[in-house]
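A structural walkthrough
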Amino acid sequence: MSEENAKNQQSVSAYYSQTEEEVFKELETKPEGLSDAEAQRRLSEYGPNELEGEPEKGMFAMILDQLKDMLVIILIIAAAVSIVLGEVLDGSIILAIVVLNTFLGVYQENKASNALKALKEMASPQVKARRNGKVVELASSQIVPGDIVLLEAGDYVPADLRLIEANNLKIEEAALTGESLPIDKNAKVLLDEDASLGDRINSGFMGTVVTYGRGTGIVTQTGMHTQMGNIAGLLNQSPVESTPLQKKLDQLGKVLGFICLGVVILIFGLGLYRGMDFFEIFMTAIALAVAAIPEGLTVVVTVVLAMGMQRMVKVHSIVKRLSAVETLGSTTVICSDKTGTLTQNKMTIEKTYFAGQTYDVTGSGYSAKGELLSEDGQAVSGDHIQLLVQGAILCNDASFDSEAETILGDPTEGAMVVLGYKLGMDKEKWDNDFTRIDELPFDSDRKLMSTVHKHTAEHALMFTKGAPDELLKRCVNVQTANGIEPLTDEKREVILKTNEGFAQDALRVIAVAYKELPAENFQVEEEGLTFVGLVGMIDPPREEAKDAIDTCKKAGIQVKMITGDHRITAQAIGEKLGIASDTGTIEGSQINGMSDEELQEAVKTTNVFARVSPEHKVRLVQAVKRNGDIVAMTGDGVNDAPSLKNADIGIAMGITGTDVSKEAADMILTDDNFASIVMAVSEGRTIYANIRKVVGFLLSCNIGEILVIFIAMLFNMPIPLAATQLLAINLITDAFPAFALGMEKAEDDVMDKAPRNPSEPVVNKMMGVAVSIQSVFLALGALASYLVGYHAQAPLSTIFAGNVDPIAHAEAMTCCFFTLVLGELMRAYSSRSETVSIFKMKLFENSYLNKCVLASLVFMIAAIYVPFLNPVFSTVPLTASELVFAFLLAFLPVVGGEVAKKVRF
Ligand code: ATP
């Protein structure tokens, strides 16, 4: 065994048959976790906690890939033929171009794949671990054997674990065992050494999903030493899929390529028929074939998409798939969560209700300063509502740092802990006095949470908190000033009215209830409860949300708010934000009663959906999609994965979202902010617009060049461009500005237009017309320049008489080359917008384009005026008057570009 292998070996003890203490001892760790130094040492000993994927493509493989290109194969054949025919110079130039092209191809592929890799890393899960006694968030790759990790619903298990704590913990292990039902875990049992994977209920395995509850585990194996690592080689690596746009462009490229190749063959045949020099016509045909094969298109599109994804990170969106960028741009409906996305998720309790009395609470944010005011405005002691606060802070997983004024955990719960502090009730103390012995965690289907606490020798206390309407259904009694009384219909009505009153003020309302249980052998059932009271908290809308919603309206995008909150709270917030429509709010319970067709009709006009659970979200997404809309949907919970997958664009929350939702999503919002979704849509539209600009520009360049040669052949003229000139134009002076066009900033009106129809082809009627006009203008300009150049040296009649003057032809070719290159470079500026006139844009705003154009200009001038390059590019230095004419004619393609903008069908 090599030293390296020996070093990376991890212990393979059957931890599931050892006691907690034995595992701690064997892995040399303790409940407070490892120290940072020890963790670092183990990381270098065992390596990162990662499964080894396919080996990365090396430089050699990338180069080989480039050489498989049709274009490159043609060029290599051409070089070989040239050298065999003794044209060593031409052969060498072509080979130099192949090298340059390969180098650029590898560079671009590398750049795109690095960008994608960086994005993937950003989207990879974080793990909560205990180190030095403190809970820290780590990248899952940093986890080492002996680490203590904390699990909760929605997390991926980061490595193989021996559980030491499991509170109603359920883990879905289908990825490993094929068992689709979640397994109930139990940290306290010891298992036989021969227990199968599926039976190891005191263990957790890398890559499986926590679907419910909470747990803590000691990491036993990491990386390739985990159970998942054992089968990693068998897992399907998902192949890199082309995006719909890439596929469409591929098809388009093929069709156009065949048409152009047909023309090239025609030109070749015509040349031979006219008795032209075989080598000249062969080289011209090759150079035109290079123009005709639009292989470059898909490469440019990939790079533009990948660069766009990198830009989107700056506006807080991590897009996980290339194709999602395209879909984003055509989004017509955004379905957004309310809490935290449209609102700030900074909750402050403003009102409480207990024993028939309403109290106001003063103070704001996460400050412990504030008072309880009775209905007549007098400050009163917190004792008046003690049972309510006790339930709210015991049935609660958040914590509060009163000095730093920050909370840890769910803001809804945090607000209750802050209320406790305001009234002199410290959560930590209560937690110690009333030890939690059991719990049913919160989930957004039940909309409730319960905890059981030690109380007396005979009794335990169970507190339940949650949505008032749900909780009231489970209450039989009510706590009043005179003690516990039955919950009559009138009393229920009063509570519901109070709840509505709170909700009308846009407050989020949570109710608290309790019951006594036997001290032991109890069942945690949310039934037969005694209602205690209500707390109402404000969650202000995000400041930027209203503007973002207005932008959506202008951009023809409907915004729908889908929330688990109460209908009246939802409607109030919806109205504040300008989302609510005349048809009001639809509740989850109403959705239950609707057929698919009715729901499909309802989603056309209704924008606010309340008391919605994750299953309703799936039906809503499907209904919106059936209306032909392209829907983006947000989600954060463990149960949101199905709706995120169903949406055209699933959006997960980067801060509050679970691993499961992030995995299911196409895009992750790093700031959980609605406004960032709108920015991402705007980026998506810009990227698509840029791709159109690139496609339009390249197509008209290529078709224009073919036309120049074709028209010349038709009129019995000599070929006005040398093969090396054509190659240089295609591979240098066209290709670079095209990339630069892909980096254009958003146009001002990008969010003032209706979303594009996703089924419309990239080369639609508008682009078809524009490309045709521009190619013709380009060809006419170049041919005119040839004729002007020729005329300066010899009468034009000699051309058509078949008596071509070689000196005049050389001058004329150079003029044609000059006009074509300069014309295309100037037209690149016009192509910066498909609609806005060149006179109305900030011309030199795209610095990439400026640099590419400048470099191309320097290249062209060098090709004409540097003596040793003249034979390479068949050029001669131009005189001042020739330059002026060639220069003026170069404006013709720009005129073509501008005319194309005005022509509308
Ligand atoms: P959104 O879906 O817009 O994010 P939401 O946060 O209100 O809205 P859920 O988290 O599903 O949606 O909450 C649904 C309801 O459950 C809330 O309106 C509230 O009444 C109740 N609730 C929320 N958090 C808790 C909690 N920690 N404990 C008990 N009940 C809660």
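A brief structural summary. Quantities reported herein were computed from a predicted structural model and do not represent experimental measurements. (Residues numbered from 1 in each chain as written. Predicted model: local features only at pLDDT ≥ 70, side-chain atom pairs only at ≥ 80, totals over all residues. Heavy atoms only, no water.)

So, on to the side chain of Glu526. Tracing the backbone shows Glu526 in the loop between strand 21 (507–518) and strand 22 (529–538). A distance of 2.6 Å separates the side chain of Glu526 from the side chain of Ser450, its partner in a polar contact. Not counting residues up to four positions away in its chain, the partners in contact with Glu526 are Leu440, Arg446, Leu448, Met449, Ser450, Met462, Thr464 and Arg474. (Helix = DSSP H or I, 4+ residues; strand = E, 2+ residues; numbered from the N terminus. Polar contact = N/O pair within 3.5 Å; in protein donor to acceptor, adjacent residues only side chain to side chain. Contact = heavy atoms within 4.5 Å.)

By the element assignment, Ser682 lies in helix 25 (residues 674–714). Other than its neighbours up to four places away in sequence, Ser682 contacts Val750 and Met751.

Helix-helix packing: each pair is described by the crossing angle between the helix axes and the interaxial distance. Remark: helix 5 (residues 70–84) packs on helix 10 (residues 278–292), axes separated minimally by 10 Å, with the N-to-C direction vectors making an angle of 165°. Looking at the two axes, helix 5 sits roughly antiparallel to helix 10. With respect to the hand of their crossing, helix 5 and helix 10 are arranged in left-handed fashion. Where helix 5 abuts helix 10, its residues Leu71, Ile74, Leu75, Ala78, Val81 and Ser82 lie against Phe279, Phe282, Met283, Ile286, Ala289 and Val290. Classifying every residue of the contact of helix 5 with helix 10 by side-chain character gives 11 nonpolar, 1 polar and no charged. (Axes fitted to C-alpha atoms, helices over the stretch in contact; angles between N-to-C directions. Parallel < 35°, antiparallel > 145°, perpendicular 65-115°, else oblique. Left-handed = near helix turned anticlockwise from the far one by under 90°. Nonpolar A, V, L, I, M, F, W, Y, C, P; charged D, E, K, R; others polar.)

Compared with an ideal rise of 1.5 Å per residue, which puts 12 residues at 16 Å, helix 14 (residues 411–422) spans 16 Å between its outermost C-alpha atoms and is within 8% of the ideal. Counting buried residues along helix 14, 11 of its 12 residues qualify, which places the element largely inside the surrounding structure. Considered for burial, the residues of helix 14 that qualify are Pro411, Thr412, Glu413, Gly414, Ala415, Met416, Val417, Val418, Leu419, Gly420 and Lys422. Phi turns positive one or two residues past the end of helix 14, at Gly424, with a value near 75°. (Expected span 1.5 Å × (residues − 1). Buried < 20%, exposed > 50% of the residue type's maximum accessible area, 1.4 Å probe, protein only.)

Taken together, 19 residues lie near the ligand, and Lys338, Glu413, Ser444, Lys465 and Arg508 sit nearest. Here an oxygen atom of the ligand sits 2.7 Å away from a polar atom, N or O, in the main chain of Lys338. Between the ligand and the protein, one listed contact pairs an oxygen atom with a side-chain N or O atom of Arg611 at 3.2 Å. Where the shell around the ligand is concerned, the elements lending two or more residues are strand 18 (459–466) and strand 21. Looking at the shell around the ligand residue by residue, the class counts come to 5 nonpolar, 5 polar and 9 charged. (Near = heavy atom within 4 Å.)

Quick look at the environment of Pro614 now. With respect to the helices and strands, Pro614 occurs in helix 22 (residues 614–626). Judged by relative accessible area, which is 6%, Pro614 ranks as buried. Beyond its immediate chain neighbours, meaning those up to four positions away, Pro614 contacts Ser444, Asp445, Asn639 and Asp640.

Moving on, we come to the nonpolar core. Counting 154 residues, the largest nonpolar core has Leu75, Phe674 and Ile691 as its most contacted members. Considering each element in turn, this core owes the most residues, 20 residues, to helix 25. In this structure, Ile691 is in contact with Leu245, Leu249, Val301, Val304 and Leu305, ignoring residues within four places of it in sequence. The next biggest cluster of nonpolar side chains, apart from the first, holds 30 residues, and it includes Ile349, Ile385, Leu419 and Met425. (Core = buried A, V, L, I, M, F, W, Y, C linked by side-chain atoms within 4.5 Å.)

Our next topic: unusual backbone geometry. Despite not being glycine, Asn345 has its phi angle at roughly 55°, a positive value. In this structure, Asn345 sits in the loop between strand 9 (333–336) and strand 10 (348–354). By relative accessible area, which is 14% here, Asn345 ends up buried. The backbone phi angle of Lys447 is positive, close to 65°, even though this residue is not glycine. One can find Lys447 in the loop between strand 16 (436–443) and strand 17 (448–454). Owing to a relative accessible area of 9%, Lys447 belongs among the buried residues under this scheme.

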